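An overview of the molecular structure
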Amino acid sequence: MTSHIKIEPFIRSDQYHFIKFQVKNLVHAYSTVKDPNVLKAVKYGALDKVIDLFPEIPENQAEIFHTITEIEEDHQPNQYLTELKEYVIPFKSVTEKTVSKLFPKAKKLKLPSSLKEIDFREISYLGWYDIRSEKKFLIFNDNGKLFGVHGTFRHTTKGICALCNGHEEVGLFMANVKSGKETYTNRGNYICTDSQTCNQNLRTLDKLEHFIELVKK
Ligand SMILES: [Zn+2]
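A short tour of the structure in this document, coming up. Note that residues are indexed from 1 along each chain, following the sequence as it is written. Local features in this predicted model are restricted to residues whose pLDDT is 70 or higher, and side-chain atom pairs enter the listing and the counts only when it is 80 or higher, whereas totals over whole chains, interfaces and linings include all residues. In computing side-chain properties, one takes all heavy atoms of the structure into account and sets aside hydrogens as well as water.

Exposure is judged per residue with a 1.4 Å probe applied to protein chains only, and the accessible area is read against the type maximum: over 50% gives exposed, under 20% gives buried, and values in between give partly exposed. Each helix corresponds to a stretch of at least 4 residues labelled H or I by DSSP, and each strand to a stretch of at least 2 residues labelled E; elements are numbered beginning at the N terminus. The buried count for strand E1 (residues 125-130) comes to five of six residues, which makes it a mostly enclosed element. As judged from the six bridges shared by E1 and strand E2 (residues 135-142), these two strands associate in the antiparallel manner. Its bridge partner lying in E2, Leu 126 is registered against Ile 139. For two strands to be treated as a pair, DSSP must find at least two bridges joining them. What sits between E1 and E2 in their antiparallel hairpin is a turn of four residues, with Glu 134 showing a positive phi close to 55°.

In summary, the pairing rule links any two rings of Phe, Tyr or Trp, Trp by its six-membered ring, whose centres are within 6.5 Å, and it sorts them by plane angle into stacked for under 30 degrees, edge-to-face for over 60 and tilted for everything else. Tallying each qualifying case throughout the model produces 11 aromatic pairs. Consider the rings of Phe 103 and Phe 137, whose centres lie 4.9 Å apart with planes at 85°: the pair is edge-to-face. Here Phe 103 is found in the loop between helix H5 (96-102) and E1, whereas its partner Phe 137 is found in strand E2, with 34 residues between them in sequence. Assigned by exposure class, Phe 103 and Phe 137 land together as buried. Here the aromatic cluster, defined as three or more aromatic residues joined through ring pairs, consists of Phe 10, Phe 54, Phe 65 and Tyr 87. The ring of Phe 153 is capped by Lys 136, whose NZ or CZ atom sits 5.0 Å from the centre of that ring. Both a distance and an angle decide whether a charge sits over a ring: NZ of Lys or CZ of Arg must be within 6 Å of the ring centre and within 35 degrees of the ring normal. For the cation-ring pair, Arg 203 lies above Phe 21, with the distance from its terminal atom to the ring centre recorded as 3.6 Å.

And the structure:
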């Protein structure tokens, strides 16, 4: 790791989870494949996929990813991921004040106590279920600005999540959104019950961005 160069955080959380997924595949290959040539192809294939995420970055910055090829079965892949985490952009800070601004009508809304345990570098959005109001609250980063939406949430069963595309425990989220001036319409989608699991599954923002557009209308 070229630790002497100072690089500002530039990796998004979903990209970090994409890299994590590549590392997991690599570790899996080591436990199942014996042919060194195949393993070499897997390693460099993983590196290519990671580098392809960042077409714009300069060579010296791309170097931080190269040690993925040094990961061996006996070498801790966690070290690689820990080192990369320094370059992950954390989700914008969310305080009680932020929450009351984003949800002015939700009186006495409390932030979840589990918030302190959340690693803000590992989330692309913040979501929790408020037992008191029986609503699910979601906070997104919409082009650099925090955007909040809340709605009813009815847990169903396993299904495909509209945010992460994972096959998880999901529920029907129905957001009350203003459509025009006076009418309200419900817009719903099945999303993960556990937003932390959802964030771990988020390896691209395509679906999440589509969801934001849907509930913003
Ligand atoms: Zn999900």
